[in-house]
Amino acid sequence: MQMSTKRIAVNFGGSYVPGLNAVITGVVLAANELGWEVLGIRDGFDGLLAPERYPEGGLLKLTPQLVENLSAGGSAILGNATRTDPFHVRQVNAENQVEEVDRSGDLIAKVAADKIDAVISVIGPRALSILFRLHRQGLRIVCVPTSVENDIAATQLSFGFNSALSFAVDTIERVRQAAQSARKIGVVEVLGEHAGWLALQAGIAVCADAVLIPEIPYDLEKVAAKLGEKINAGRTYGLVVVAEGAVPRAGARPVVETVETDSLKASLSPGATGPGGSHVIERSGSAAQAVALHLQRLTDQATYPLVLGPLVKGGPPTAVDRQLGLGYGAAAVRALHENQSGVMVAFQPPDLKFVPLAEAINKVRTVPDNSVFIQIARSLGIALGN
Amino acid sequence: MENAPVNTSVLKGIILNIQHFSTHDGPGMRTTVFLKGCTLRCKWCSNPESIQPKPELAYNLNKCIGKDQCGFCLKECPESAIFNVDSDTQVRINWDLCTNCGKCVPVCPPQALYLFGQEMTVNEVLDEVEQDSAFYRESGGGITLSGGECLLQADFAAALLAGAHQRGINTAIETASNVSWDFMVKVLPHVDTVLHDIKLTDPARHRKWTGADNSRIRANLKRAYETFPDKKFIARTPIIPGVNDDEEHIRATLAFIKPYKNVVDYELLPYMRFGESKYGFLGKVYEMQDFEPPSPELLARLRAIIDEAFDRNGNPARE
């Protein structure tokens, strides 16, 4: 059955990454070539579910003339939705009671009522599952993966990773200068809860002394030994890159012991994973702090921690991400033109392919033991903490 | 005014927990029955498992013995919401796919997966509560319904408290009162002591911190004070630093309650961060991570204002 798509919509369902507008431009230009109309949905699906919130309506008509003037480096014009999903929409009902309701049915009806044939969603790892459920309920959907941690399975490259990597490298080079001048060991923490791509590739690019990633539990005594070899009268500093999810090896001396511990709270939170009995407290910053503190004891050098955190998600996109964004946007339109639905656009060099969402969810793209980047790091003498 | 008789061995409620020997939930030694479901979303909530009005899956990763030894849940889940990443042995939950069906719970030997909330009949609850009746007699205690918002399950709560009275057990409830008046009027006739929150004075700030403004709460409380002059009401404020730990709120609350002789006390409950690990178990994010419990000095200063209003300066009613 040939289904001719005439009117499509695009939205952002994940966190911000550099250059989201490039994807819009790719979608709009490719759709225009086919004679299709493109609408932008504001703030994830809020533009459809709560259009009354927007003075100019929840949908924005996206034309080639409009995207021509979009700044590639500016923030996304559509807004995004990081912590909302149509299956749990919080609202205050007529009795003034707060409740979470499933509005997925409403959403699909709204899409039909607005005569939108399909939606292209630019999303991060979490929203993939939500889009997968919407697809199972009958929404025609194509996803574009964004992640500055490059942790989405089934694609070699998520949109935004290259820009984050470039910024991280740039910043860590500055940290090197500071470390050199102060004769200290700089410990830089970058994003990467489960996957260490950003830390590993940035660490290689700056020739760090050590890179600690979640996939390889670390032993700081080994890192300290490596630093001991490298630091001498002629080179009086060190540089360590650590992913926020990096953890010490079981049996290695724990590094969180120095963080303030509340024994009462700890005893009341038996399943807690964090210091002092905390479980969900934001972990950002604790990896750099723990590593810096412990290294300071194991080496002769003073250390200082620095957390890049979400800083790497802002700013302009690199040339690679501009091309990738345009390519992903155009490929998503091609997928719809080929009557595909429930797929994610994936870069599997040298091809842009379409993979079913089911193959991308419930997975984390981590650094395998035999990764070429691990080999490169070892060849360069970068300590990986094991 | 009597409703149709209810069958107390059939009518069911969703119970989160029955806690024995509570000393802070009303007079004497009490048994507190936590009903699941709430109508506010206070950012400091220490019982996030009590919020949703239905059974809810929780997962304690530290108890999982891993897919190599076990892995039954991976096969059992009909939604593919349980998965495993190659780099670790313990399973993970995809909370966006989980529908809280609970099928994984019985196949989890170490009970890393468990359900918060179970259905119980009125009589089942009463039978358990009655086991402590000797302590109630000694201490002047009884049953306290808490939550969540216990008034959300109004029919069940009313039947439970009426049943308790029939068995000679004193009754109390802890409520935020953000429900329809119909629910209040169903339950309150069966309550001896009403412990009710007054969290914030300003409606906009109330909405910011709890998800809804306080218009209905204030209207309900006024009407309750007036409709039930013989009931004992005790106002309470959970003191959250930076949110409502100011004298202004304490004085405004006193001004609100003092015209009513049946509001016999105003208590301050210091905020504690006991809930945060539970957020992780439910796959939720705790937003209050930067807040610290209030200092004893602050509490003493605020309590002095209350003692003055209740004319008990130099002779505080509480320890």
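Residues numbered from 1 in each chain as written. Chains lettered and ligands numbered in written order. Predicted model: local features only at pLDDT ≥ 70, side-chain atom pairs only at ≥ 80, totals over all residues.

> What's the story with the confidence of the model for chain B in this structure? I'm lost.
The predicted coordinates ought not to be read in detail in places where the model reports low pLDDT. Per-residue confidence for chain B averages 90 on the pLDDT scale, and 92% of its residues sit at or above 70. Two numbers describe this predicted complex: its pTM, 0.86, and its ipTM, 0.86. (pLDDT = per-residue confidence, 0-100.)

> Can you help me understand the domain arrangement of chain B in this one?
Put simply, an interface is often sized by how much accessible area is lost when its parts join up. Residues and elements named next belong to chain B. Its domain assignment divides chain B into domain 1 (12–52 + 117–309) and domain 2 (56–116). Here the C-alpha centroids of domain 1 and domain 2 sit 33 Å apart. Each partner contributes residues to the interface: domain 1 has seven residues there, and domain 2 has eight residues. For the side of domain 1 that touches domain 2, a count of residues per class yields three nonpolar, three polar and one charged. (Domains from an automatic or database assignment. Contact = placed C-beta atoms within 7 Å. Nonpolar A, V, L, I, M, F, W, Y, C, P; charged D, E, K, R; others polar.)

> Please explain the sheet that holds strand S10 (residues 238–243) of chain A as it appears in this structure.
Working definition: the strands of a sheet are paired by backbone hydrogen bonds and lie parallel or antiparallel to each other. Residue and element names in this part refer to chain A. Taken together, four strands build an open sheet; the order of strands is S9-S10-S8-S11 and the sheet is parallel. Looking at strand neighbours, the two that pair on one side only are strand S9 (210–212) and strand S11 (302–307), the edges of this open sheet. Strand-to-strand, the axes of this sheet are offset by a mean angle of 20 degrees, without reference to chain direction. Where strand S8 (residues 184–190) and S11 come together, six bridges link them in parallel fashion. The residue of S11 that forms the bridge with Gly186 is Tyr304. (Pairing = 2+ DSSP bridges. Helix = DSSP H or I, 4+ residues; strand = E, 2+ residues; numbered from the N terminus. Axes fitted to C-alpha atoms, helices over the stretch in contact; angles between N-to-C directions.)

> For this particular structure, what's the right way to read unusual backbone geometry?
Keep in mind that most residues, glycine aside, have a negative phi and that most peptide bonds are trans. Cis geometry is adopted by the peptide bond preceding Pro350 of chain A, which originates at Pro349 of chain A and carries an omega value of 5 degrees. Position of Pro350 of chain A relative to the elements: it lies in the loop between strand S12 (343–348) and strand S13 (351–356). Across the junction of Gly147 of chain B and Gly148 of chain B, the peptide omega takes the value 10 degrees, indicating a cis bond. Examined against the element boundaries, Gly148 of chain B turns out to sit in the loop between strand S8 (142–146) and helix H4 (154–166). Its identity as a non-glycine residue notwithstanding, Lys115 of chain A has a phi of 55 degrees, on the positive side. By C-beta crowding, Lys115 of chain A is classed as exposed, having 10 other C-beta atoms within 10 Å. (Buried ≥ 20, exposed ≤ 12 C-beta atoms within 10 Å, placed from the backbone.)

> Mind showing me how you'd approach the nonpolar core here?
Among soluble globular proteins, nonpolar side chains are generally buried collectively. Ranked by internal contacts, the top residues of the largest apolar core, which has 117 residues, are Val27, Val190, Leu198, Val211, Val242, Val291 and Ala332 of chain A. Counting residues per element, this core draws most heavily on helix H11 (residues 319–337) of chain A, which supplies nine residues. Composition of this core by domain shows at least three residues from each of domain 1 (7–160 + 317–349) and domain 2 (165–313 + 369–379) of chain A. In this structure, Cys77, Phe116, Ile239 and Val243 of chain B belong to the second largest nonpolar core, which totals 78 residues. (Core = buried A, V, L, I, M, F, W, Y, C linked by C-beta atoms within 7 Å.)

> What should I look at first to understand the domain arrangement of chain A in this one?
Residues and elements named next belong to chain A. Segmenting chain A into domains produces domain 1 (7–160 + 317–349) and domain 2 (165–313 + 369–379). Contact residues are listed per partner, giving eight residues for domain 1 and nine residues for domain 2. Its residues assigned to classes, the side of domain 1 that touches domain 2 comprises three nonpolar, three polar and two charged.

> For this particular structure, what's the right way to read helix H5 (residues 125–136) of chain A?
Each turn of an α-helix holds 3.6 residues, which means side chains three or four residues apart point in the same direction. Residues and elements named next belong to chain A. Taking 1.5 Å of rise per residue, twelve residues should cover 16 Å, and H5 covers 18 Å from first to last C-alpha, within 8% of that figure. Of all twelve residues making up H5, ten are buried, and the element is well covered by its neighbours. On its buried face, H5 sits against helix H4 (104–113), strand S6 (118–123), strand S7 (141–145) and helix H12 (357–360). Directly after H5, the chain includes Gly138, whose backbone phi takes a positive value near 115 degrees. (Expected span 1.5 Å × (residues − 1).)

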